[in-house]
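Here is how the chains run, residue by residue.
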Amino acid sequence: MRAPLATLVTLGLATVWPAALAFAGAGQEAVDYVLVPPAATPSRRAAGVAHVLYLNRCAGGCEVQSGDNDPHQNRSSIIRKPAVLPAFSFGDAAWTSLVQCVRHAYALYDLSIVTEPPPANVDHVAVLVAGRPTDLGFGLGTLGVAPLSVDCSPQRNVLAFAFADSHPAENLNELCSTVVHEAGHTFGLDHALQCRDPMTYLTACGGQAFLNIESRCGEFRKDRHCRCSDVQNSHVKLTNELGPSGVLALAGTVSLADTPTWDGSVLTGQVDEPRWIRSIELWINGFRWGRLPHTALSDFLFTAPPVSNGILDIEVRSVNDLGAAAAHKLTLTKGAPCQTSATCRDPEVCQEGRCMYPAPTGPLGAVCTEPQDCASWECFDYSGAPRCSMVCSPGLERSECPAGYTCVSSKDPAPGMCWPTEELPSGGCSSAAPTSGPAWLLVLLGLLGLLAPLGSRRR
Ligand SMILES: [Zn+2]
């Protein structure tokens, strides 16, 4: 049962649950994961992650045991006493929708979402989607609970719980979010203080996806270091641990408010992007005239730039956090089509009625002063002199940068840019390198987690 709406606090676009509602006197914001030790031996750690996620609707009820983890036996180390969870109560159609939603959330990663018990020899992670938190001794406000390894390594053969009956039956997105979130903990993800990522505690966030951006961690109010690094990139973490599925992310759509005229006009419109908008760009005849770096808003307004007369191939392009682009294209004519380059501005040339700038040619690593110096349209300054660069994802094990380049963190465009490794200030280490805490601290946290689970609330 959820806390009454009157107790919610609204912060900007996000409605958040005050931590004090769920956990009195803890002195810290409590979490819905229980810290557990990592796999005991190097060989078990080397076995890596299970690539099967079993969603168990507990048809006929689930007997759950406390003890060494074994999802085949519904046995978990994070519960204290045996119990029986009642069956998923929302019906077949809701279950089908829920499974589709979870599959969509993990579609980019090498993870099979199954609804039948895996064979005994198949390692997997199970999420039991049923019951109420009180069935297992957790507080009423708990939506789900999962184990999180203290070193953020992925786990195999563990159970997580999504307490279906603590969610409204009419809003399966909430339950889907909890299932996706709890499974995320088993893969080593902490809480991102980022409303559009399913690892958040914040609610009323709109569409969510494991984002390819670097977020600080935290629950409700203050940000904090993530458990195993300063920041967390959920997409990079899952790609590193699970591997890519081969499915490519789709971009959203771009729409214009009106079909514009040209002289003195502005281009206004809206981007519908289910993920995170990295930038909204205005391109005319192959030249990028405007670029709005990420904002939380999807509306855009571009003022008409001082282009030469002629045919104008206009494109408003939206790029998401994975680099997938959506575009709205239209062709207008300002004045008359050019006949010769004499009516175009230097160094433009007239091609088929269009005044065109020469295509940029600067290769990766070339010194630059403006984006149009670079074939990639990215002129980035990491340590002194700007250089032509390219967008990448810091921390990705299979680097997107060519040999001799390292992906370093950048705010614009997020999440990172390729920079010559030999010119890194720290002698070859990306600023995005994990800054893990000392081992003894992790062990201590693990012991605390085992002796006194930090809590069990999701949101
Ligand atoms: Zn959580």
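Look up: the structure comes first, before these words.
These figures come from a predicted structure and were not determined experimentally.

Cut-offs and rules
Residues numbered from 1 in each chain as written. Predicted model: local features only at pLDDT ≥ 70, side-chain atom pairs only at ≥ 80, totals over all residues. Heavy atoms only, no water. Helix = DSSP H or I, 4+ residues; strand = E, 2+ residues; numbered from the N terminus. Contact = heavy atoms within 4.5 Å. Polar contact = N/O pair within 3.5 Å; in protein donor to acceptor, adjacent residues only side chain to side chain. Pairing = 2+ DSSP bridges. Core = buried A, V, L, I, M, F, W, Y, C linked by side-chain atoms within 4.5 Å. Buried < 20%, exposed > 50% of the residue type's maximum accessible area, 1.4 Å probe, protein only. Axes fitted to C-alpha atoms, helices over the stretch in contact; angles between N-to-C directions. Parallel < 35°, antiparallel > 145°, perpendicular 65-115°, else oblique. Left-handed = near helix turned anticlockwise from the far one by under 90°. Nonpolar A, V, L, I, M, F, W, Y, C, P; charged D, E, K, R; others polar. Salt bridge = Lys/Arg side-chain N within 4 Å of Asp/Glu carboxyl O. Expected span 1.5 Å × (residues − 1). Arc of directions from axis to C-beta. Disulfide = S-S within 2.5 Å.

1. A closer look at the environment of Ser149
Its place among the elements puts Ser149 in strand β10 (residues 144–149). C-alpha of Ser149 to C-alpha of Pro37: the two residues are 112 residues apart in sequence and 5.5 Å apart in space. Once residues within four sequence positions are removed from consideration, Ser149 is found in contact with Val36, Pro37, Pro38 and Gln155. Here the side chain of Ser149 touches Asp151 through a polar contact of 2.6 Å, side chain to side chain. For Ser149, the side chain forms a polar contact with the side chain of Ser153, separated by 3.1 Å.

2. Observations regarding the sheet that holds strand β25 (residues 391–392)
Hydrogen bonding along the main chain pairs the strands of a sheet, whether they run parallel or antiparallel. Pairing within the open sheet is antiparallel, and its 3 strands lie in the order β25-β27-β26. One side of each edge strand has no neighbouring strand; the edge strands of this open sheet are β25 and β26 (405–409). Pairing between β25 and strand β27 (residues 416–420): 2 bridges, direction antiparallel. Counterpart to Val391 in the pairing with β27 is Met417.

3. Observations regarding the nonpolar core
In this structure, Val102, Tyr106 and Val129 are the most contacted members of the largest nonpolar core, which totals 35 residues. Broken down by element, this core gets its largest block of residues, 6 residues, from helix α4 (residues 172–186). Not counting residues within four places of it along the chain, the set of residues in contact with Val102 comprises Leu53, Leu55, Ile113, Cys176, Val179 and Val180. Ranked by size, the runner-up nonpolar core spans 19 residues in total, among them Ala83, Ala126, Leu128 and Phe163.

4. Quick notes on the packing of helix α3 (residues 92–105) against α4
Orientation of α3 relative to α4, taken along the N-to-C sense of each, is 50°, at an axis distance of 9 Å. Between α3 and α4, the angle is such that the two are oblique. Crossing hand, α3 versus α4: right-handed. Facing Ala94, Ser97, Leu98, Cys101, Val102 and Ala105 of α3, the residues of α4 in contact are Leu172, Leu175, Cys176, Val179 and Val180. Residues belonging to the contact of α3 with α4 are distributed by class as follows: 10 nonpolar, 1 polar and no charged.

5. What about the pattern of salt bridges?
A complete count under the given rule lists 13 salt bridges for this structure. Taken together, the salt bridges that share partners define one network made up of Asp190, Glu219 and Arg224.

6. Here we look at α3
An ideal rise of 1.5 Å per residue puts 20 Å on 14 residues; α3 measures up with 20 Å between its terminal C-alpha atoms. Residues Ala94, Trp95, Leu98, Val99 and Val102 constitute the buried set of α3. End-on view of α3: buried residues confined to an arc of 135°, all on one side of the axis. Residues of α3 that are exposed and point more than 90 degrees away from the buried face comprise Ala93, Gln100 and His104. For α3, the elements touching its buried residues are β4 (52–56), β8 (112–114), β9 (125–129) and α4.

7. Looking at the sheet that holds β9
Spatially, 6 strands are ordered β3-β10-β11-β9-β4-β8 in an open sheet, and the strand pairing comes out mixed. With one partner strand each, in any of the chains shown, β3 (33–36) and β8 form the two edges of the open sheet. Within this sheet the neighbouring strands show an average axis-to-axis angle of 25°, counted without direction. Note that β9 and strand β11 (residues 158–162) share 5 bridges and pair parallel. The partner of Val127 across the bridge, within β11, is Ala160.

8. Some remarks on unusual backbone geometry
That bond from Asp346 to Pro347 is cis: its omega, 10°, falls within 30 degrees of zero. Here Pro347 shows up in the loop between β20 (325–334) and β21 (349–351). Its identity is not glycine, yet Asn74 carries a phi of approximately 50°, on the positive side. In this structure, Asn74 sits in the loop between β5 (62–66) and β6 (75–76). According to the relative accessible area criterion, Asn74 is buried, its value standing at 11%. With a phi close to 60°, Asn157 is a non-glycine residue in the positive phi region. As for its placement among the helices and strands, Asn157 is situated in the loop between β10 and β11.

9. Observations regarding the state of the cysteines
Evaluated as defined, the whole model comprises 10 disulfides. Sulfur-sulfur distance for the disulfide between Cys152 and Cys228 comes to 2.1 Å. Residues Cys152 and Cys228 share a disulfide whose torsion about the S-S bond is about 85°; that sign makes it right-handed. Of this pair, Cys152 sits in the loop between β10 and β11 while Cys228 sits in the loop between β13 (223–224) and α5 (234–242), placing them 76 residues apart in sequence. Like Cys228, Cys152 is buried. Cys392 shares a disulfide with Cys407; S-S distance 2.1 Å. In this structure, the disulfide formed by Cys392 and Cys407 twists by about 100° around the S-S bond and is classed as right-handed. Note that Cys392 is positioned in strand β25 and Cys407 in strand β26, a separation of 15 residues in sequence. Neither residue differs from the other here; Cys392 and Cys407 are each classed as buried.

10. Digging into the side chain of Ser279
Relative to the helices and strands, Ser279 resides in strand β16 (residues 277–284). Ser279 gets classed as buried once you look at its relative accessible area, which sits at 2%. At 2.9 Å, the side chain of Ser279 forms a polar contact with the side chain of Glu281. Here Ser279 is in contact with Arg291, Leu292, Arg317, Ser318 and Val319, once residues within four sequence places are set aside.

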